[in-house]
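Results of the structural survey
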Amino acid sequence: MAAPELKEVRIGIIGPSWWVDYWHLPALLRHPRARITGVAGAKDRPPHEVATKFGESVRYFTRASSMLDETHPVGVVVCTPNDLHFPSTMEALERGIHVICEKPLALNAEQAKTMTRAAEEAGLIGMTNFPYRANPCVNAFRRLLAEGAIGDMVHITGEYHGGFGLRGWPGWRGLRERSGAGILGDLGSHLIDLTRYVTGLEFDAVTASLLTLNRKPDGAPARVPTSSPEAGERNDDSCAFIAALSNGSQAILHTSWLAHQGAYHQHQRLEAYGTGGRIEFLATHKGSYLRRMPIGVTEWDTLELEGVTDPSAGLADEDLFRPGRHDSTSTTWRFVEAIANGDRSASPTFADGWRAQQVIDAVVAAGEQRRWVEVDRTGR
């Protein structure tokens, strides 16, 4: 018997970061059935700030467990530093609360597996926030590959770059103890998920190079392998890896926060090559495009897609890079819908986050060991 629809979906937030303000909050405030009941953060916030940002009746806590116990949410947004994803999520799941958690899902694949299994065994919704799946170009890319638009895919190349690491220390993301992996976990997790999503393939094995940019006493850069003792507790600032995919094809992927972007701010690019042609996807803060070039054709054909702004339009805005946060394609909006309707199939799932974490773990190991490493997909 199907569970009755909920007229009101009570939501808690753990980790009221800038990303909550940008991505999750717009959907929660606009959704007609969502109501934020409590927020938990590491530092106290003035009551007027909490009321203004989250709502007059919202209670604020400095302990997540107190927020969960006293405000009784049915769903929770976890948007903390990476080392708190696992304990925060498990606290919610143990109380029978649905969770949408930021990426990377955990510090390692073992934690991600535990989270995934706990949600599944309890019959709870567990979503990993990979918002870039909502880009119309990404979904058209996925459809074209499935339809055989480029024949049999031979290899795929991709990059997700930002230049913010050039401006200085990347905060907790730059420390292994807090983030697990640096740029690989931060932007690389999206790149891994996009590759899995558009191709429908899994990662079988990887070999990798991870770089940390340390500063010498004289201010000069010291480029060292992240596994080097010279890197200390610093995480990877740049990561390049080659992968063997489950159909025998290749992937060559690179992610960095040391790549100057100018007006792009950040950019993602995926290009698939097959026996029948090629397809390229680009997303930046100036817009996105998807174009293809079949065998026998010498010019690109750019697809006209609803909800997409071409980078040549001369605009620049975060929403051009992340279309969907204001509509029903938003992961957060769909999380609320899934809770309200009792839909346990909402994606990206915790299992998707676990899959990405398996690849991250293998890439880190490959960088340390300087060899090919199998991606451990046991248990799934």
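Summary of the structure given here. Each chain carries its own residue numbering, running from 1 in the written order of its sequence. Thresholds applied to this predicted model are a pLDDT of at least 70 for local features of residues and 80 or more for the giving and counting of side-chain atom pairs; totals over whole chains, interfaces and linings are not thresholded and use all residues. In computing side-chain properties, one takes all heavy atoms of the structure into account and sets aside hydrogens as well as water.

**Notes on the overall build of the chain**
If you tally the helices and strands in the chain, you get twelve helices and 16 strands. Taken along its principal axes, the extent of the C-alpha atoms in the chain is 60 × 50 × 45 Å. Counting only residues that meet the buried cut, the chain has 56% of its 380 residues in that class. Residue contacts are counted whenever heavy atoms from the two residues lie within 4.5 Å of one another. Long-range contacts, defined as pairs at least 24 residues apart, comprise 71% of the intrachain contacts of the chain with a sequence gap of at least 6. When the 40 positive and 46 negative side-chain charges of the chain are each reduced to one mean point, those points stand 2 Å apart. For helices the rule is a DSSP run of H or I covering at least 4 residues; for strands it is a run of E covering at least 2, with both sets numbered from the N terminus onward. Relative accessible area decides the class of each residue, using a 1.4 Å probe on protein chains only: under 20% of the type maximum gives buried, over 50% gives exposed, and in between gives partly exposed. We treat Lys and Arg as the positive residues and Asp and Glu as the negative residues; His and chain ends play no part in the count. A single reference atom marks each charge: NZ on Lys, CZ on Arg, CG on Asp, CD on Glu.

**Describing a nonpolar patch on the surface**
What goes into a patch is any residue over 30% in relative accessible area without a salt bridge, connected to like charges within 9 Å or, for nonpolar side chains (Val, Leu, Ile, Met, Phe, Trp, Tyr), within 5 Å. Note on areas: Shrake-Rupley, 1.4 Å probe, and residue coverage restricted to the protein chains presented here. Salt bridges are identified by distance alone: a Lys or Arg side-chain nitrogen within 4 Å of an Asp or Glu carboxyl oxygen. Taken together, the side chains of Ile242, Ile252 and Trp372 make up a nonpolar region of the molecular surface, amounting to roughly 280 Å² of accessible area. Note on placement: Trp372 falls in the loop between helix H12 (350-369) and strand S16 (373-374). Among the residues examined, Trp372 registers a relative accessible area of 44% and is labelled partly exposed.

**Observations concerning the pairing of strand S11 (residues 250-256)**
One bridge is not enough; two strands pair if DSSP finds at least two bridges between them. Pairing analysis gives seven bridges linking strand S7 (residues 153-162) to S11, with the strands arranged parallel. Bridging across to S11, His155 finds its partner in Gln250. Bridge count for strand S10 (residues 238-245) against S11 is seven bridges, and the pairing is antiparallel. Bridging from a neighbouring strand, Ile242 pairs with Ile252 of S11. The antiparallel hairpin formed by S10 and S11 contains four residues in its connecting segment, where Gly248 sits at a positive phi of about 90°.

**Digging into the nonpolar core**
In these notes, a set of buried Ala, Val, Leu, Ile, Met, Phe, Trp, Tyr and Cys residues joined through side-chain atoms within 4.5 Å is what counts as a nonpolar core. Counting residues in hydrophobic clusters, the biggest one holds 50 residues, and the most contacted among them are Phe141, Leu184, Phe203, Phe241, Leu290 and Val363. Excluding anything up to four places from it in sequence, Phe203 contacts Ile192, Thr195, Arg196, Phe241, Ala243, Ala244, Leu245, Leu253, Val359, Val375 and Arg377. Formed by 27 residues, the second largest nonpolar core is a distinct cluster that contains Trp23, Ala34, Cys79 and Ala340.

**Quick word on the packing of aromatic side chains**
For Phe, Tyr and Trp, rings pair up if their centres lie within 6.5 Å, where Trp contributes its six-membered ring, and each pair is then called stacked (planes under 30 degrees apart), edge-to-face (over 60) or tilted (otherwise). Using the criterion set out here, one finds seven aromatic pairs in the structure. On the basis of an interplanar angle of 90° and a centroid distance of 5.8 Å, the ring pair of Tyr132 and Tyr160 is categorised as edge-to-face. Pair noted here: Tyr132 is in the loop between strand S6 (126-129) and helix H6 (136-146) and Tyr160 is in strand S7, with a separation of 28 residues, a long-range link. An identical accessibility class is assigned to Tyr132 and Tyr160; each is buried. Taken together, Trp18, Trp19, Tyr22 and Trp23 form an aromatic cluster joined through their ring pairs. Above the face of the Tyr197 ring, Arg142 is positioned so that its terminal group lies 4.2 Å from the ring centre. By definition here, charges over rings are those cases where NZ of Lys or CZ of Arg is within 6 Å of the ring centre and within 35 degrees of the ring normal.

**What about the sheet that holds strand S2 (residues 34-40)?**
Strand order in the open sheet formed by six strands is S3-S2-S1-S4-S5-S6, and the pairing between neighbours is parallel. Because the sheet does not close on itself, it has two edges, and the strands there are strand S3 (59-61) and S6. Between one strand and the next, the sheet's axes are offset by a mean angle of 20°, whatever the strand orientation. Pairing of S2 with S3 involves three bridges; the strand directions are parallel. Bridging across to S3, Ala40 finds its partner in Phe61. Inter-axis angles, ranging from 0 to 180 degrees, are taken between N-to-C directions of lines fitted to C-alpha atoms, where helices are fitted over the stretch in contact. Contacts from helix H4 (residues 85-94) reach strand S1 (9-14), strand S4 (75-78) and strand S5 (98-102), with the element oriented near 170° to S5.

**Comments concerning the state of the cysteines**
In this description, a disulfide is simply a cysteine sulfur pair whose atoms lie within 2.5 Å. Enumeration according to the criterion identifies zero disulfides in this entry. For Cys79, which is in no disulfide, the shortest distance to another cysteine sulfur is to Cys101 and amounts to 8.6 Å.

**Concerning the environment of Leu187**
Tracing the backbone through its elements, the reader meets Leu187 in the loop between helix H8 (183-186) and helix H9 (188-199). You can call Leu187 buried: its relative accessible area is 4%. In this structure, the C-alpha to C-alpha distance between Leu187 and Asp83, residues 104 residues apart in sequence, is 16 Å. In contact with Leu187, other than residues within four places in its own chain, are Tyr160, His161, Gly162, Phe164, Thr255, Ser256 and Gln266.

**Quick notes on the packing of H6 against H9**
Axis separation between H6 and H9 bottoms out at 7 Å; the angle between their running directions is 45°. Viewed along their axes, H6 and H9 adopt a mutual orientation that is oblique. The residues of H9 that touch H6, namely those facing Val138, Asn139, Phe141, Arg142 and Leu145, are Leu194, Tyr197, Val198 and Thr199. The labels follow the angle: roughly parallel below 35 degrees, roughly antiparallel above 145, roughly perpendicular from 65 to 115, and oblique for the rest.

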